[in-house]
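The residues making up each chain are set out below.
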Amino acid sequence: MKMVLFSFLLGCCSLLVSAQQPVDYVNPFIGTSNYGTTNPGAICPQGMMSVTPFNVMGSKSNKFDKDSQWWSTPYSADNNFFTGYAHVNLSGVGCPEMGSLLLMPTSGELNVDYHAYGSEYKNEVAHPGYYSNILTKYDIKTEATASMRTGLTRFTFPKGQGNILLNLGEGLTNETGATVRMVSDTEIEGSKLLGTFCYNPQAVFPIYFVMKLSKAPKQAGYWKKQREMKGVEAEWDAYSGKYKLYTKYDREMSGDDIGVWFKYDTEEDEVIEVKMGVSFVSIENARLNMNTEQPDFNFDKVRAAAGKMWNDDLSRVMVEGGTNDDKTIFYTAIYHLLIHPNIIQDVNGEYPMMESLKVGHTTGNRYTVFSLWDTYRNVSTLMTLLYPEKQLDIIRTMIDMYKESGWLPKWELYGRETLTMEGDPSIPYIVDAYMRGLRDYDIETAYEGMRKGATTPGEFNLLRPDNNDYMSKGYVPLREQYDNSVSHALEYYIADWNLSLLADALGKKEDAKLFRERAMGYKHYYCKEFGTLRPILPDGTFYSPFDPKQGENFEPSPGFHEGNAWNYTFYVPHDIKGLAKLMGGQKKFVDKLQMVFDKGYYDMANEPDIAYPYLFSYFKGEAWRTQKLVRELLGKYYHNAPNGLPGNDDTGTMSTWAIFSMMGFYPACPGDLDYVVTSPTFNKVTIRLDEKFYPKGELVIESARKTPEDIYIKEVTAGGKKLKGYTISQDELVNAGTLRFTLENKH
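Definitions and cut-offs
- The residue count restarts for each chain, going from 1 along the sequence in the order it is written.
- Only residues with pLDDT of 70 or above have their local features reported here, since the model is predicted, and side-chain atom pairs are shown and tallied only from 80 upward, although totals for entire chains, interfaces and linings are computed over all residues.
- Processing note: side-chain calculations cover all non-hydrogen atoms of the structure and skip hydrogens and water entirely.
- Starting at the N terminus, helices and strands are each numbered in turn, a helix being any DSSP run of H or I of at least four residues and a strand any DSSP run of E of at least two.
- Atoms considered for the radius of gyration are the C-alpha atoms alone. The globule rule reads 2.2 Å times the number of residues to the power 0.38.
- Residue burial is assigned from relative accessible area. The probe radius is 1.4 Å, only protein chains are included, and a residue is buried under 20% of its type maximum, exposed over 50%, and partly exposed in between.
- Contacts: residue pairs with any heavy atoms within 4.5 Å of one another.
- Areas reported as accessible are Shrake-Rupley estimates using a 1.4 Å probe. Residue values count occlusion only from the protein chains shown.
- Working convention for charge: Lys and Arg count positive, Asp and Glu count negative, and His plus the chain ends are omitted.
- Taken as the charge location is NZ of Lys, CZ of Arg, CG of Asp or CD of Glu.
- UniProt positions are given in the numbering used here, feature names are shortened, and annotations may be inferred rather than shown by experiment.
- Criterion used throughout: strands pair if DSSP finds at least two bridges between them.
- We call a pair of cysteine sulfur atoms a disulfide whenever their separation is within 2.5 Å.
- Lines are fitted to the C-alpha atoms to define the axes, a helix being fitted only along its stretch in contact, and any angle between axes, read from their N-to-C directions, falls within 0 to 180 degrees.
- Convention used here: angles under 35 degrees read as roughly parallel, angles over 145 as roughly antiparallel, angles from 65 to 115 as roughly perpendicular, and any remaining angle as oblique.
- Classification convention: Asp, Glu, Lys, Arg as charged; Ala, Val, Leu, Ile, Met, Phe, Trp, Tyr, Cys, Pro as nonpolar; all other residues, Gly among them, as polar.
- To form a nonpolar core, buried Ala, Val, Leu, Ile, Met, Phe, Trp, Tyr and Cys residues must be joined to one another through side-chain atoms within 4.5 Å.
- Aromatic contacts are taken between Phe, Tyr and Trp rings whose centres are within 6.5 Å, Trp giving its six-membered ring; a plane angle under 30 degrees counts as stacked, one over 60 as edge-to-face, and the others as tilted.
- In this document the domain limits rely on a domain assignment from an automatic tool or a database.
- We define buried area as the total accessible area lost by two parts upon association, computed with a 1.4 Å probe and summed across both.
- Salt bridge criterion: a side-chain nitrogen from Lys or Arg within 4 Å of a carboxyl oxygen from Asp or Glu.
- Polar contacts here mean pairs of N or O atoms no more than 3.5 Å apart (in protein, one a potential hydrogen donor and the other a potential acceptor; neighbouring residues in sequence count only if both atoms are side-chain atoms).
- Crossing handedness follows the turn of the near helix against the far one: under a right angle anticlockwise gives a left-handed crossing, and clockwise gives a right-handed one.

### A look at the overall build of the chain
Looking only at helices and strands, the chain has 22 helices and 35 strands in total. Over its C-alpha trace the chain gives a radius of gyration of 27 Å, about what one expects of a compact globule, namely 27 Å for 747 residues. Principal-axis analysis of the C-alpha atoms places the extent of the chain at approximately 85 × 80 × 45 Å. For the chain, with 747 residues in total, the buried portion stands at 62%. Of all intrachain contacts in the chain linking residues separated by at least 6 positions in sequence, the fraction that spans at least 24 positions is 68%. Taken as a whole, the chain presents about 28100 Å² of accessible surface, with 50% of it coming from carbon and sulfur. Of the side-chain charges in the chain, 78 are positive and 95 negative, and the distance between the mean point of each set is 4 Å.

### Focus on the UniProt feature "domain: Glycosyl hydrolase family 92 N-terminal" (unreviewed entry) in the chain
Per the UniProt annotation, the sites labelled "domain: Glycosyl hydrolase family 92 N-terminal" (unreviewed entry) are residues 25–279. Helix makes up 4% of residues 25–279 and strand 44%. Its end C-alpha atoms lie 32 Å apart.

### Here we look at helix H11 (residues 426–435)
Across the 10 residues that make up H11, a large majority, 9, are buried. Every buried residue of H11 is accounted for by Ser426, Ile427, Pro428, Tyr429, Ile430, Val431, Asp432, Ala433 and Tyr434. Looking at the packing, one finds that the buried side of H11 touches helix H8 (372–375), helix H9 (379–386), helix H10 (388–405), helix H12 (443–455) and helix H14 (485–505). Gly437 occupies a position one or two residues after H11 and carries a positive phi of about 100°.

### Description of the sheet that holds strand S33 (residues 721–722)
Reading across the sheet, the 6 strands line up as S18-S30-S31-S35-S32-S33 and stay open at both edges, with mixed pairing between neighbours. Lying at the two open borders of the sheet, with one neighbouring strand each, are strand S18 (317–320) and S33. Where strand S32 (residues 712–718) lies against S33, 2 bridges are found, and the strand directions are antiparallel. If you follow Ala718 over to S33, its bridge partner there is Lys721.

### Notes on the state of the cysteines
With the rule as written, the count across this model stands at 1 disulfide. Linked covalently through their sulfurs, Cys95 and Cys198 form a disulfide whose S-S length is 1.6 Å. Because the sign of the S-S torsion sets the handedness, a value of about 90° for the bond joining Cys95 and Cys198 places this disulfide among the right-handed ones. Of this pair, Cys95 sits in the loop between strand S3 (85–87) and strand S4 (100–107) while Cys198 sits in the loop between strand S11 (187–195) and strand S12 (204–213), and the two are 103 residues apart along the sequence. Each member of the pair, Cys95 together with Cys198, is buried.

### Focus: the packing of H9 against H10
At a closest axis distance of 6 Å, the pairing of H9 and H10 adopts a crossing angle of 130°. The orientation of H9 relative to H10 falls into the category oblique. Across from Ser380, Met383, Thr384, Leu385 and Leu386 in H9, the residues of H10 making contact are Pro388, Lys390, Gln391 and Ile394. Residue composition of the contact of H9 with H10, by class: 5 nonpolar, 3 polar and 1 charged.

### Focus on the nonpolar core
Soluble globular proteins: nonpolar side chains tend toward being buried together. One finds Ile164, Phe330, Phe589, Trp657, Met663, Phe665 and Ile687 to be the most contacted residues of the largest nonpolar core, which totals 222 residues. With 11 residues, H14 is the largest single contributor of residues to this core. Among residues more than four places away in sequence, those in contact with Phe665 are Leu385, Phe660, Tyr675, Val676, Val677, Thr678, Ile687, Ile701 and Leu733.

### So, the environment of Ala495
Note on placement: Ala495 falls in helix H14. Assessed through its relative accessible area of 1%, Ala495 is described here as buried. Spatially, the C-alpha atom of Ala495 lies 9.3 Å from that of Gly671, the residues being 176 residues apart in sequence. If we skip the residues at most four places from it in the chain, Ala495 touches Asp424, Ile427, Pro428 and Arg464.

### Some thoughts on the packing of aromatic side chains
Each aromatic ring pair is specified by the distance between its two centres and by the angle formed by the two planes. The full count for this structure, using the stated rule, is 39 aromatic pairs. Between Phe197 and Trp411, the ring centres sit 4.6 Å apart and the planes meet at 40°, which makes this aromatic pair tilted. Taken together, the residues Phe197 in the loop between S11 and S12 and Trp411 in strand S24 (residues 411–413) connect sequence positions 214 residues apart. As far as burial versus exposure is concerned, Phe197 and Trp411 are alike and both buried. Taking 5.8 Å as the distance between ring centres and 80° as the angle between the ring planes, the aromatic pair formed by Phe660 and Tyr666 counts as edge-to-face. Using a relative accessible area of 0% as the deciding quantity, one classes Phe660 as buried.

### A word on the domain arrangement of the chain
We note that the domain assignment places domain 1 (28–312), domain 2 (318–345 + 585–746), domain 3 (359–461) and domain 4 (465–569) within the chain. The centre of domain 1, based on its C-alpha atoms, is set 39 Å off from the matching centre of domain 2. Contacts between the two partners involve 30 residues from domain 1 and, on the opposite side, 27 residues from domain 2. With both chains or domains summed, domain 1 and domain 2 bury close to 2200 Å², and 60% of this area falls on carbon and sulfur atoms. The tally of links between domain 1 and domain 2 comes to 0 salt bridges. At the surface where domain 1 touches domain 2, the tally comes to 15 residue pairs in polar contact (both at pLDDT 80 or more).

### Examining the sheet that holds S24
The antiparallel open sheet is built from 3 strands, whose spatial order is S23-S24-S25. Unpaired on one side and paired on the other, strand S23 (370–371) and strand S25 (416–417) mark the two borders of the sheet.

### What about the UniProt feature "domain: Glycosyl hydrolase family" (unreviewed entry) in the chain?
As recorded in UniProt, the feature "domain: Glycosyl hydrolase family" (unreviewed entry) lies at residues 285–744. When the span residues 285–744 is considered, its composition is 42% helix and 13% strand, and the gap between its end C-alpha atoms is 59 Å.

### Notes on the packing of helix H20 (residues 623–637) against helix H21 (residues 653–663)
Between H20 and H21, whose axes approach to 11 Å, the crossing angle comes to 130°. Classified by the angle their axes make, H20 and H21 are oblique. Remark: the crossing between H20 and H21 carries left-handed chirality. Seen from H20, the contacting residues are Val630, Leu633 and Leu634; seen from H21, they are Trp657, Ala658, Ser661 and Met662. For the contact of H20 with H21, the residue count by class is 6 nonpolar, 1 polar and no charged.

### Here's the deal with the environment of Val379
Here Val379 shows up in helix H9. Between the C-alpha atom of Val379 and that of Asp496, which follows or precedes it by 117 residues, the distance is 19 Å. Beyond its immediate sequence surroundings of up to four residues, Val379 is in contact with Leu337, Gly652, Thr653 and Thr656.

This is how it looks when you write it as structure tokens:
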């Protein structure tokens, strides 16, 4: 009996130990409320395919519905009406796109109207690479998993008539039009048009798909919603404005609102699986992707492979101490970091070239979904540190985009430039990696592309349309009421400062001087009357009447984009000491920055002021404010719950803020090799560094604290050597071996 009990306890302990892997801490529901715009769908790290529950249309009970408001995600934790699995989705973006190829199981009488066939659900489960629920209307269990380019769903039916529907008319995209063809009784192929992301009606592109079922249906056909007819025509067309089922036609079908249905007689708990391969090159490549990555139907194998991929990548960082919620928040943040950018090349290496009808070929990874206005601020630095091999392919992709289209990307989406947001964000993204030592790419071509964006006249400049004013005046004047002029210029300043660093590193001294001087142009905007940056009119006078708070809660604001003067005034991270001098010195700078937090002007939910908490640490005696604020912001805005992000994740940018902050250091200025240190959340953080890039191979961050309230830094040592201030360079960090914090509860 003792031996049996011992064996039982040993087994339980083994299960407990095996369960404590990084992948097991991830909660994919974090960010699915509070406008975080993440989703719990099945996906692999940086995978092209994601299979996501679609619950944002078809029911009046929906709190958020894509057809009644601006909505940019296929899933909301606040809704409970499932209308299928969307294939290929975006995570953490602010505009609706993708989220199409909706696959839905039903039982009973066939109905192809999503308002009618949608179902409420229960028992949701989500893990990296897996999602499931139970449709209460039909008593059908649905499950989804994915490989890099293919999706696999598993439906467990009750006894009776079962149906599987592929809706090609609906999705998050605002574009319409699809074509589908039956290849056999278990296989279909087709394409659908996507695009128009963020107000760009010409940035459209096709997605090609091949879908295969594990069981032949009893009957199959198409549907199409017919155009509404008037007068005499309507009298003889019974389907005017209605869905028409095609039961005796099985050639190809095209239209804006079409679909395919499959009808079965199912036994109790009968399982039918459906796999789908996609490509952005051709139907042939979609089939090749499907047959290569999923030659058979093996749901558990695909799910296990996806989980292993996630655990391998998440295990680059191992943490000890903290609460289970802390670990969940941390590892979910890394999970979100590794969703975009995602690969776009097929298994044969083919991909759609940037802004071209041509097909390119790569032997590495070609990436897409570049939300660079967001990610240059911190994601680039974290990718360089944790995943340098991925970062290299990301940067090579950006340079290839320049070779193919003539411009570095701003906000690229599946081979199309959407021109979303402002600035010249490829420059700081690439320069930050280069300055940190990641250099295995064509930097001369990259520099050529950067210089083109920085010097081309505005009327010919895709990236800097107001470059004429910027180059001649040193600032961008307000020429229209809401033209975001100050925001544009601030982005150009940080880009040009980074470009000056690269020019200097490449021996281009005259260019370095030119761009360094340009980067100081922010001083034009400083207004002593308000103590903030303020829009300037073409005649050189300040804009009036001026309210530095105008622009809160995404209200339109003269000169500023998605924010106000308080959200942007301190966004000159390359010259914080210079800004402090403009404001009257260190004390006035610190007092004003503290006021931003005290009066609630700080916006944690957007990027321009994301580094504000770390700016205090540049001034002697003020670093405690950073340590206090960072800990407070983590506690206030990051939770192990659907509302656990401060707002839109912006393809991992908000998550990256948490990752760095919880580890105890943050890159407050893109291109600057110094990190600002703060008190870590965990007792121990072990980062497995890639020895090809960082010979030390490991960085251990230890925190000595007596109580959880010990959040103030008494001392930091790197490799046994005490830091003199509250910053640590890239070289010091990756060669430290051990970074040790001694913490206390007072400052």
